[in-house]
Structure formats: C-alpha cells, structure tokens
There are 2 protein chains.
Amino acid sequence: MEHLQQSFTVQYNFNVFFTSSLFSVENDLFNNFLAGLNPAKAAKKIFFVLDEGVVNAHPDLKASIKNYFEKYNHTHLVSDFLVIPGGEVVKNETQYFDKVLEAVNTYGIDRHSFIAAIGGGAVLDMVGYAANVSHRGIKHIRIPTTVLSQNDSGVGVKNGINYFNKKNFLGTFSPPVAVFNDALFLRTLSDRDWRSGIAEAIKVALIKDREFFEWLEANAEAMANRNMEAMNYQIWKCAKLHMEHIRSGDPFESGSARPLDFGHWSAHKLEYLSNFEIRHGEAVAMGIALDTVYAQLSGRISEADAQRIIKLIQVLGFECTHPLLQVSNGDSPILQGLEEFREHLGGELTITLLTGIGSGEEVHEMDTALLKQAAETLNHQANLQSTNNCYGN
Amino acid sequence: MEHLQQSFTVQYNFNVFFTSSLFSVENDLFNNFLAGLNPAKAAKKIFFVLDEGVVNAHPDLKASIKNYFEKYNHTHLVSDFLVIPGGEVVKNETQYFDKVLEAVNTYGIDRHSFIAAIGGGAVLDMVGYAANVSHRGIKHIRIPTTVLSQNDSGVGVKNGINYFNKKNFLGTFSPPVAVFNDALFLRTLSDRDWRSGIAEAIKVALIKDREFFEWLEANAEAMANRNMEAMNYQIWKCAKLHMEHIRSGDPFESGSARPLDFGHWSAHKLEYLSNFEIRHGEAVAMGIALDTVYAQLSGRISEADAQRIIKLIQVLGFECTHPLLQVSNGDSPILQGLEEFREHLGGELTITLLTGIGSGEEVHEMDTALLKQAAETLNHQANLQSTNNCYGN
C-alpha cells in the first residue's frame, strides 16, 4: 500500500521583557501578560518555584508575589511556593525534579496553567524540563535572576538536567511562554555571579559581532565596577544576539553545528571536573581563552587579536586557565570532554574556532599536540602574572 | 528597554510505510530509509528495543535483524537488544524507562543515531519518550506490531509514561522519524489484540468520515473472521485519517479541543480501574458506546443511528459496557475520570459528542443524570443478550 506522508509546522512565539521590580504592585507587566494569554473561560493557576539563593537575597519576595496576586487576581496563585537550591545541584539530584512533578500533581497544575521559575540558569533548566514533560507540556515562564540566565540560557529554548554524571543528558527543546528579565535581582549578585555571565557576551560577540566586542572592551572596566547601565545594555544586546541566532538557524538543533557552543566543549568538562566549584561562565571564559590560543597557534587568528581577547577576559576579572585544563602526555580528563561533546551533539564533532574577532568557522577535529601547547601557553602566562591565576589589568 | 520578540517555526516530516516482513533480506525498505537519512560522514548507530510478546511470537526476530544488518551495514547495529514486557506495565514502572536511558548511555547512542522500538503502543509510547528526552532528542523509529498502534498511536506525535497512577502524566509531543507498519506482526496477534485496535477506526469514522463508517459496517464480519485484506485497508485508512487530523489541526495540542479523544475520557479511567485487564481498544469501544447513548439521550443523534453504532461494536466482538462504567448515586470512580481528563487536557473540559454518523461537536460539560441513564441503558441491553456482556449475533 502507498505510504502516508506526514508534514506540518509548529509555530513558537515568546517575548523577553526587561523590567525592574516585576512584583511591585505598580508594575502591571506580568499581569498584562497573564491576562493576555488567559481566556476568561477557564480558571488558570500559576505555581512558583524559587531559587533559595534568591529568596535569601530578597526575603520579601514571597510576600511581594502574594501581594501582587491579591491585586491582580485574574490568574489563581498557588499559595505554596517550592523553594529549591540554586546551582548545579538542582540538575544533578533528581529529587528536585521530582518535587516539581509532585507539585504539578498535588496542586492540579494543568496544561493551560503556568509554572514560573525565579532563579539562576540551573533552576530554570530543571524547572523548564519538569514543566515540559508534565502533561506533555505545562506553560513555563522564566524569570532569570543572574547575568548568565538573563543574557543567554534563560532566553533560549533548551532545558534539562544532568544524569549519569553527564551535563544535560536529559532534556527537551521547549520554548518558554515568556521571559521576564528583572534588573532588581542583579543588584544582590555576588561579584562572581555578576561577572560570570559576561563570558557569554564575549562568546557571542567573538563569533558574530565585532562591534559588540569593541563595546565590551570599552565597557569592561565599568562592568567590572558594577555599573548597572552598562550591565543592562550588555544583557539586552547579548540576549538579542542569542535570540537572533536561534531564530535564523536550527532552533531545535537537528544538525551538528552549534556555533553558540564556542568555548564550551572544555567548559562543560571543567565544570564537572571541579565539582561545579567553577561557575559555568568562569569555565566558559577559560574555554574561550583555550580555543582562542588554539586558533592563534593553528594560524587562524593573529597574536594581536588573541591578546586582545585574553586581555578583555582579564579586565573583566576572569581567570583564563585552570590546572584541570592542562593536557598531559597520558590520558587527560579534559580530552574526554571532546568525545562527550561529540556524543551529546550527535554524530560528528563540530567545534567553532575563531577566524577573526566577530567571525568563526567549524572544524571537526582538534589536534591534541596543539591543544596541549595552547593550555601550556595560557598556564605560563597565568604564572607570570600571579602564582595561581592570570588576573590582569 | 525594548522587549525582544522571538518567533520561529519548526518543520516536522515523517513517513508511515506499509510493508510485510520488514527484516527479510529481500526487503530493502528499511535500509533505504536509514541510508537516506544518514550522511556518510558520521558513523550512526541503531539500537532496538523489543516487546517481549513480539519476541515470543516471532522467535527468529533478533536473528532476522542481525542478518539484515549484516547485509545492509551502512548503519551500525548495536548487537545487544533490550527486551521489555509489552502492555501498560512498561508505562507504569519507571524501571523500563530507566533501562532505555541506561542503554543510551552504555552504547553511546547520540542524537543522530536511532532508537527503534518494535512492539505495541505502550512500548512505543515509553521508548519514544525515553528517546525524546535523551540528549534532548534521539531519532526514534516506530515499528508498531498491533492493530491499535499501526492505525492510531504509532502514527501520531505523542509519547509518554504513566506516573502518580495517571495515564501519560509524563510525556512529550515528538514525532518519530519514520513508522514501519509490518503486516507480518498482525498474524500472530490474539483475537483480543486483533479486534481491540478496530475501536479507533470506529472512533475516527464516527467523528470524521461517514463513508468509512459504512465500509466498517460492510467489513465488520470479515475483520472479525481475521480477513487480512480488510484489516490492512482498515489500518491504512484509519492511520490516514488520524494523520490528516494531526496535520490540519493543532499537532501539539496547544488548545483544549481533542476530537480524536472521542470516547476516551471514560476509557482511560476504565483501563486504570480494571488494572489494565481491559485493553485500551476494548475500553474505547465501551467509551464510544457510552457517549453514543448519551448523545442519543441528549437528543443529538437518532435512536436508529445509536443502534447502528452499538451493532457495529457488537459484530466486531466487543463488549459494550462494564460494571465499572456504572454511575451510582454516590461517588462513582468513572466520574473522577471526567475531572482527570479536564486536568490532563488543561483548563477546560472538552468532550466530543456525536451529532450524526461522521460528525461531532464539542461540549464542555456532561450531565451526571444522563450519564447514569446511558450507562444503565447499555447495562440493561447487555444483560438481555448475555449474563455478563453484550456480545451480539
């Protein structure tokens, strides 16, 4: 019998809003969004999952949310909040994923209701995954609270948890229904968290936008000194570049190309090897430095450009290498990261290397000897500047 | 700052192939499909998950597959097979889901490799879910072996497992990359499994295609007597109608309308209440009968049409009601099924009721007294024909 052909498209739309004090009762942005999505016929619920670190830094957060939904009661607030730790532990331990599923069941959160997550990227990743697989997809709202989640992961379409000690082994592609970037949450970040997310801006500028790289150079000291205006623009621009890439490319990554993972193959492994003591952005900064020197050693970029990139990383306050990134003659754990990256991508290894500031190319293998040399070069440079890091200025 | 708008579409394509003896070395259909998807650059793997019931009925299946991939070795066959029980148990117990994840990890199945599931609908649902969440989506191939999975669930875009004792509490919308309907597997089905899936053809004919309903009436006895030609056409036509509905409607069910779930609200609950001793198709036949009599009692269809429908159900050999479907004056478990259906749909209860043979309408509530009367009417009719069922002829 004749075969049957199935073919259809699915449209995905969402907005990323920028605001400050999202749950101030004077701010009707969040309510306007909910009311717009929410036809009068059915009673919808909204359930909040909160990052413990955010709750500690903003002790009035729960009260503000309750107060907000007393004024704007079009959507029914589930009055219990789920508070979970921030950071990679929520992706490593399935108990937190289970807690979200239990809440969906206990509070009867249906597919037209909302789960809103307020927190860093790890919390958003885990909650997004739990929401996406519950009832085959509860609407999820992301309220990222770190630089990294506001300028990168929170505005993307991926979520997931770690399993078998592998990052994002489980996950889905599923866009949120909205993202709310609230600048208020940035004020209480530690210097490490404030700085960390800027690595993703360096990354996206290096592969896509020379002008933005130059803006980052010009504003690096201001950002290092916690200038909020510079930080807000950096987040907005970096989010915009990430979103344009997703839209114009291969949103659900059916191919092997992953330019936005520039600098990430070693960063992912380094996070694991350091037991997540190294933050994602910190690891990405080191990963960018490693692949930058590799690009220089392999003749893709000039030494001057490589030095500009390393300098920007240093001015922002990042370390640019780590003992765990060194390649010894025997088995180096960091080299396993290459194989795991290939496996996670599927099929072919695809790494983006710079061909200049603002442009990259895809390569399908990395030369171990050159990698070793790149790591040693950075290590040497770091040792010259400090006994244990490469802080510049 | 100005908000950022994200908007993109994702295209989904797959074919449903009809064949016999898929893994006969003379049959190059499967290999042609794999070779077409598989660029030469990367070594792809294929891993098979097999339904134990199918392996028992086809003891040479593993050898045939190995033999097939010795001849057609473009894709690398993982030589170990995962054999799991068929039926709802694989969706109820997470150990089977875990076994698929472990295989993905052990054998290094990446996102461009394949997981093929051979089995009934429950096996396909579970394996599809595991494949979809592993590495954010390994390509999955469905090889349905029952009438129900060949004409309905296997050609759709949903997968999932049960959790918290709720059907498909966890799952995703994720189309397979291909479906292979192999008529060979139908020959070894028990009479119950042979019959069971025809309920979905009655369902889709009743809401969409009067002419197909008349074909089912004309061929009911032939199918009851295991005529393969009639069965093959029924499967092809039913699959086609399901696929057209998915394509033209709301593939990932962002709204509340679910016409393909006609007759299913009570069926889902009945399966659970009977501890899955009642097969899905058997429950759907009873669910159709219940909603048919309800449609008659509420003045939507004529008594003559209702009788035609009940007769078709009977001629095919189905029972058309069950003691667990009766509505008593107190709490009836079956009524909880309505609430659970609403919750799973999200938001508003939406039930399709017939307005004629081949057409339906959506309603948003069901009258308990009429439901009770409909259940009693069927029960009475069943008691007239048999002491414990409503078998006709």
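Residues numbered from 1 in each chain as written. Chains lettered and ligands numbered in written order. Predicted model: local features only at pLDDT ≥ 70, side-chain atom pairs only at ≥ 80, totals over all residues. Heavy atoms only, no water.

**What to know about the overall build of chain A**
As a reminder, the rule being used: Think of it this way: any DSSP run of H or I at least four residues long counts as a helix, any run of E at least two long counts as a strand, and we number them from the N terminus. Note that the radius of gyration is over C-alpha atoms, with the globule rule given as 2.2 Å times the number of residues to the power 0.38. Relative accessibility thresholds used throughout: buried, under 20% of the residue-type maximum; exposed, over 50%; partly exposed, between the two (1.4 Å probe, protein chains only). Contacts between residues were defined by any pair of non-hydrogen atoms, one from each residue, lying within 4.5 Å.
Counting its regular elements, chain A contains 16 helices and 11 strands. At 21 Å, chain A has a C-alpha radius of gyration in line with the 21 Å of a compact globule built from 393 residues. Overall, chain A is about 65 × 65 × 35 Å in size when its C-alpha atoms are taken along their principal axes. The buried share of chain A, reckoned over its 393 residues, is 62%. Within chain A, contacts between residues separated by at least 24 positions form 76% of all contacts whose residues are at least 6 apart in sequence.

**A closer look at the relation of the copies chain A and chain B**
The following threshold applies: Least squares is the method used to superpose the copies, on C-alpha atoms of residues holding a pLDDT of at least 70 in both.
It takes a turn of 180° to lay chain A on chain B, together with a shift of 0.0 Å along the axis; the resulting RMSD is 0.0 Å. Considering both components of the superposition, the chain copies are consistent with a two-fold axis. Every residue of chain A has its C-alpha some distance from the rotation axis, and the shortest such distance is that of Val10 of chain A, at 2.7 Å. Of the interface residues in chain A, 100% have counterparts in chain B that sit at the interface too, so the contact is made through matching surfaces.

**Considering the packing of aromatic side chains**
All names here are of chain A. Selection criterion: For Phe, Tyr and Trp, where Trp contributes only its six-membered ring, two rings pair if their centres lie within 6.5 Å, and the inter-plane angle classes them as stacked under 30 degrees, edge-to-face over 60, or tilted in between.
Overall, the coordinates contain 52 aromatic pairs over all chains when judged by the stated rule. On the basis of an interplanar angle of 85° and a centroid distance of 5.6 Å, the ring pair of Phe23 and Tyr68 is categorised as edge-to-face. Of the two residues, Phe23 sits in the loop between β1 (4-19) and α1 (29-37) while Tyr68 sits in helix α3 (residues 61-71), which places them 45 residues apart along the sequence. We note that Phe23, like Tyr68, is buried. Measuring from ring centre to ring centre gives 5.1 Å for Phe164 and Phe169, while their planes differ by 90°; the resulting arrangement is edge-to-face.

**Some details on the domain arrangement of chain A**
Residues and elements named next belong to chain A. Let me state the cut-off plainly: Segmentation of the chain into domains, including their bounds, is taken from an automatic or database domain assignment. The quantity reported as buried area is the accessible area (1.4 Å probe) lost by two parts once they are put together, taken as the sum for both. Should a side-chain nitrogen of Lys or Arg be within 4 Å of a carboxyl oxygen of Asp or Glu, the pair is scored as a salt bridge. Throughout this description, a polar contact denotes any pair of N or O atoms lying within 3.5 Å of each other; where both atoms belong to protein, one of them has to be capable of donating a hydrogen while the other can accept it, and for residues adjacent in sequence the pair is counted only when both atoms sit in side chains.
Considered domain by domain, chain A is made up of domain 1 (15-188) and domain 2 (199-384). Facing the 24 residues of domain 1 at the interface are 26 residues of domain 2. In total, domain 1 and domain 2 occlude about 2200 Å² of area from one another, counting both sides; carbon and sulfur atoms represent 67% of this. The largest per-residue losses of area from domain 1 upon contact with domain 2 belong to Asn151, Lys167 and Phe173, which jointly make up 26% of the total buried on that side. Put simply, domain 1 and domain 2 have three salt bridges between them. A salt bridge links Glu271 to Lys167; the shortest N-O distance between them is 3.5 Å. Summed over the shared surface of domain 1 and domain 2, the result is six residue pairs in polar contact (both at pLDDT 80 or more). Elements that contribute at least two residues to the side of domain 1 that touches domain 2 include exactly β1, α7 (147-151), β7 (158-163) and β8 (166-173).

**Concerning the pattern of salt bridges**
All names here are of chain B. A full pass over the atoms with the stated rule returns 36 salt bridges over all chains. Residue Glu88 is joined to Lys167 by a salt bridge in which the shortest nitrogen-to-oxygen separation is 3.1 Å. Remark: Lys167 occurs in strand β8 (residues 166-173) and Glu88 occurs in the loop between β4 (82-84) and α4 (89-92); sequence separation between them is 79 residues. Exposure class is identical for Glu88 and Lys167. Each is buried.

**What about the confidence of the model for chain A?**
Residues and elements named next belong to chain A. Selection criterion: As a per-residue measure, pLDDT reflects the predictor's confidence and takes values from 0 up to 100.
Per-residue confidence for chain A gives a mean pLDDT of 92; residues scoring 70 or more make up 95%. Confidence drops under a pLDDT of 50 for residues 387-393, and excluding neighbours within four residues, the segment shows 19 contacts in the predicted structure. Overall fold confidence for the complex sits at a pTM of 0.92, while the interface term, ipTM, reaches 0.92.

**Re the packing of helix α13 (residues 280-297) of chain B against helix α14 (residues 303-315) of chain B**
Residue and element names in this part refer to chain B. Keep this limit in mind: Angles run from 0 to 180 degrees between N-to-C directions of axes, and those axes are lines fitted to C-alpha atoms, restricted for helices to the stretch in contact. In this scheme, roughly parallel covers angles under 35 degrees and roughly antiparallel covers those over 145, while 65 to 115 is roughly perpendicular and the rest are oblique. For this classification, the nonpolar set comprises Ala, Val, Leu, Ile, Met, Phe, Trp, Tyr, Cys and Pro, the charged set comprises Asp, Glu, Lys and Arg, and every other residue, Gly included, is treated as polar.
Two elements in contact, α13 and α14, have axes whose closest approach is 9 Å; the angle formed by their N-to-C orientations is 170°. Relative to α14, the element α13 lies roughly antiparallel. Listed contacts from α14 to Ala285, Ile288, Ala289, Thr292, Val293 and Gln296 of α13 are Glu303, Ala306, Ile309, Ile310 and Ile313. Of the residues in the contact of α13 with α14, the class split is eight nonpolar, two polar and one charged.

**Describing unusual backbone geometry**
Residue and element names in this part refer to chain A. Backbone geometry at Ser21 places phi at a positive 60°, although glycine is not the residue there. Structurally, the position occupied by Ser21 is in the loop between β1 and α1. On the basis of relative accessible area, Ser21 is assigned to the partly exposed category, the value being 26%.

**Remarks on the environment of Asn225 of chain B**
Inspection of the secondary structure puts Asn225 of chain B in the loop between α10 (210-224) and α11 (228-248). Sequence separation between Asn225 of chain B and Arg195 of chain B is 30 residues, and the spatial gap between their C-alpha atoms is 9.8 Å.

**Topic: the interface of chain A and chain B**
Every contact between the two is made by 69 residues of chain A and, on the other side, 69 residues of chain B. In this assembly, chain A packs against chain B so that about 6700 Å² is buried in total across both faces, 55% of it on carbon and sulfur atoms. Considering only the surface of chain A that becomes buried against chain B, Leu4, Gln6 and Arg136 of chain A emerge as the three largest contributors, covering 15% of it. Put simply, chain A and chain B have two salt bridges between them. Put simply, Arg111 of chain A and Glu253 of chain B hold a salt bridge, and the shortest N to O gap is 3.4 Å. Our count for the contact surface shared by chain A and chain B stands at 30 residue pairs in polar contact (both at pLDDT 80 or more). Going through the elements one at a time, β1, α5 (94-106), α6 (121-133), β7, β8, α11 (228-248) and α15 (333-345) of chain A are the ones with two or more residues in the side of chain A that touches chain B. The element contributing the most residues to the side of chain A that touches chain B is β1 of chain A, with 15 residues. Looking at the side of chain A that touches chain B, its residues break down into 28 nonpolar, 25 polar and 16 charged.

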